[in-house]
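Structural overview
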Amino acid sequence: MSDLSFQSADATLNDGKTLRITEMFYSLQGETRTVGLPTVFVRLTGCPLRCVYCDTEYAFSGGEIFSLDQVVDQVAGWKPSYVTVTGGEPLAQPNCLPLLSRLCDAGYEVSLETGGAMSLEGVDERVVTILDLKTPDSGEVARNDYANIPLLKPQDQVKFVICGRADYEWMRFKLEEYQLVGRVDEILLSPSHGQLSGRELAQWILDDHLPVRLQLQLHKILWDDEPGH
Ligand code: SF4
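Read on for a plain summary of the structure. The structure displayed is predicted, hence computed values, not measured ones.

1. Focus on the overall build of the protein
Along the protein, the regular secondary structure elements total five helices and nine strands. Taken from the N to the C terminus, the helices and strands of the protein come in the order β-β-β-α-β-α-β-β-β-α-β-α-β-α. The C-alpha radius of gyration computed for the protein amounts to 17 Å, which stays within 12% of the reference 17 Å derived for 229 residues, consistent with globular compactness. Projected onto the principal axes, the alpha-carbon positions of the protein cover approximately 55 × 35 × 30 Å. Across the 229 residues that make up the protein, the buried fraction comes to 37%.

2. Some thoughts on the environment of Thr 114
Position of Thr 114 relative to the elements: it lies in strand E5 (residues 109-114). Given 24 C-beta atoms within a 10 Å radius, Thr 114 is considered buried. Put simply, Thr 114 and Trp 223 are 109 residues apart on the chain and 23 Å apart in space, counted from C-alpha to C-alpha. The residues contacting Thr 114, other than those within four sequence positions of it, are Glu 89, Pro 90, Leu 91, Thr 129, Leu 131 and Asp 132.

3. Digging into the environment of Val 128
Topologically, Val 128 is positioned in strand E6 (residues 128-132). Sequence spacing of Val 128 and Glu 113 is 15 residues, and the spatial spacing of their C-alpha atoms is 8.8 Å. What Val 128 contacts, discounting residues up to four positions off in sequence, is Ser 111, Gln 155, Asp 156 and Gln 157.

4. Quick word on the pairing of strand E7 (residues 157-162)
Along any regular strand the residues' side chains alternate between the sheet's two faces. For E7, a buried count of six out of six residues is recorded, marking the element as mostly surrounded by other parts of the structure. Summarising the sheet, E6 and E7 pair through three bridges and their orientation is parallel. Bridge pairing links Ile 130 to Gln 157 in E7. Pairing analysis gives six bridges linking E7 to strand E8 (residues 186-191), with the strands arranged parallel. Note on E8: the bridge partner recorded for Phe 160 is Leu 189. Handedness of the crossover joining E7 and E8 through helix H3 (residues 165-177) is recorded here as right-handed.

5. With respect to the nonpolar core
Core analysis: the largest hydrophobic core is formed by 44 residues, its most contacted members being Val 42, Val 71, Val 83, Val 85, Leu 99, Leu 100 and Ile 162. Beyond its immediate sequence surroundings of up to four residues, Leu 99 is in contact with Leu 19, Leu 68, Val 71 and Val 85.

6. Digging into the sheet that holds strand E1 (residues 18-28)
Overall, mixed pairing links the nine strands, which are arranged E3-E1-E2-E4-E5-E6-E7-E8-E9 in an open sheet. A strand with exactly one partner marks an edge of an open sheet, and here the two such strands are strand E3 (64-67) and strand E9 (213-214). Pairing between E8 and E9: two bridges, direction parallel. Bridging across to E9, Leu 189 finds its partner in Leu 214.

7. So, the packing of helix H1 (residues 68-77) against helix H2 (residues 96-105)
Taken N-terminus to C-terminus, the directions of H1 and H2 make an angle of 40°; their axes are 10 Å apart at the nearest point. Between H1 and H2 lies a crossing whose hand is right-handed. Of H2, the residues touching H1 (which contributes Leu 68, Val 71, Val 72 and Val 75) are Pro 98, Leu 99, Arg 102 and Leu 103. Of the residues assigned to the contact of H1 with H2, the class counts are seven nonpolar, no polar and one charged.

8. Digging into the site of the ligand
Surveying the vicinity of the ligand reveals the residues Cys 47, Leu 49, Arg 50, Cys 51, Cys 54, Thr 56, Gly 87, Gly 88, Glu 89 and Gly 115. In the shell around the ligand, the residues fall into four nonpolar, four polar and two charged.

9. What about the pairing of E5?
With five of six residues buried, E5 is to be regarded as a mostly interior element. Of the pairings in the sheet, the one linking strand E4 (residues 82-86) to E5 comprises four bridges and is parallel in character. Its bridge partner lying in E5, Tyr 82 is registered against Glu 109. With respect to chirality, the unit in which E4 leads through H2 into the neighbouring parallel E5 is right-handed. Bridge analysis of E5 against E6 gives four bridges, and the strand direction is parallel. In the sheet register, Leu 112 faces E6, and the bridge partner there is Thr 129.

Calculation notes
Position numbers for residues count from 1 along each chain, tracking the sequence in the order it is written. Only residues with pLDDT of 70 or above have their local features reported here, since the model is predicted, and side-chain atom pairs are shown and tallied only from 80 upward, although totals for entire chains, interfaces and linings are computed over all residues. Note on conventions: DSSP H or I runs of at least 4 residues are helices, E runs of at least 2 residues are strands, and numbering of each starts at the N terminus. Each radius of gyration reported is based on C-alpha atoms, and the globular scaling rule is 2.2 Å times the count of residues to the power 0.38. Counts of 20 or more other C-beta atoms within 10 Å of a residue's own C-beta define buried residues, counts of 12 or fewer define exposed ones, and intermediate counts define partly exposed ones; C-beta atoms are placed from the backbone. We call two residues in contact when their backbone-placed C-beta atoms lie within 7 Å. Criterion used throughout: strands pair if DSSP finds at least two bridges between them. Seen with its strands pointing away from the viewer, a crossover is right-handed if its path from the first strand over the helix to the second goes clockwise. The nonpolar core is taken to be a set of buried Ala, Val, Leu, Ile, Met, Phe, Trp, Tyr and Cys residues joined by way of C-beta atoms within 7 Å. The axes used here are C-alpha line fits, helices contributing only the stretch in contact, and every angle between their N-to-C directions lies in the interval 0 to 180 degrees. Rotating anticlockwise by less than a right angle from the far helix to the near helix defines a left-handed crossing, while the corresponding clockwise rotation defines a right-handed one. The residue classification treats Ala, Val, Leu, Ile, Met, Phe, Trp, Tyr, Cys and Pro as nonpolar and Asp, Glu, Lys and Arg as charged. All others, Gly included, are polar. Near, as applied to residues and a molecule or strand, means the residue's backbone-placed C-beta atom lies within 6 Å of it.

This is the structure we're talking about:
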């Protein structure tokens, strides 16, 4: 399904702007509002956080240098409708911002998955941002930059990975505190893999009539979380 054989960065770096990239691949979107839709993923290398449940530690270091032109060209080869820029933490690389704009200019529906610690300032208005608010049990709650909340656009989505009941209660408090329902398009709740069952989280959502979307990470169900999907 995916293709990890991306071209190495030995060509001339035409525009002088480069990115360190862990992988680019074509697969099905595993989460968010476009779950199940064929999507190209651009995974940028590096992340300043260390969430206890992180499933992309292989993106913390390494990667290869690509010019923006090379990334845009490679994405175009898959002829996608949807492109997701993810990480690691994509906004940790300043050239993520021009990449997002270049992908929007090419006509794709572009989404950005970000961990909530980096500023959303400068993100192209056309991008759908999926902002992950880190819960207490992630180990990184202190890194949330709440100055991002006023920068959220109507098409954006806010995601919480829920590790247990305490995280769930914290999430409900944040929904109220920042009036998140109605401010953004979707509130997404994911159970932390191996810590909380989807069924238990589903029951809590139903009991409280929460206007949120439960998501179960399709890529883990289909491909058991192998890199490249
Ligand atoms: S922000 Fe994402 S990539 Fe970074 S440590 Fe947390 S889960 Fe992993």
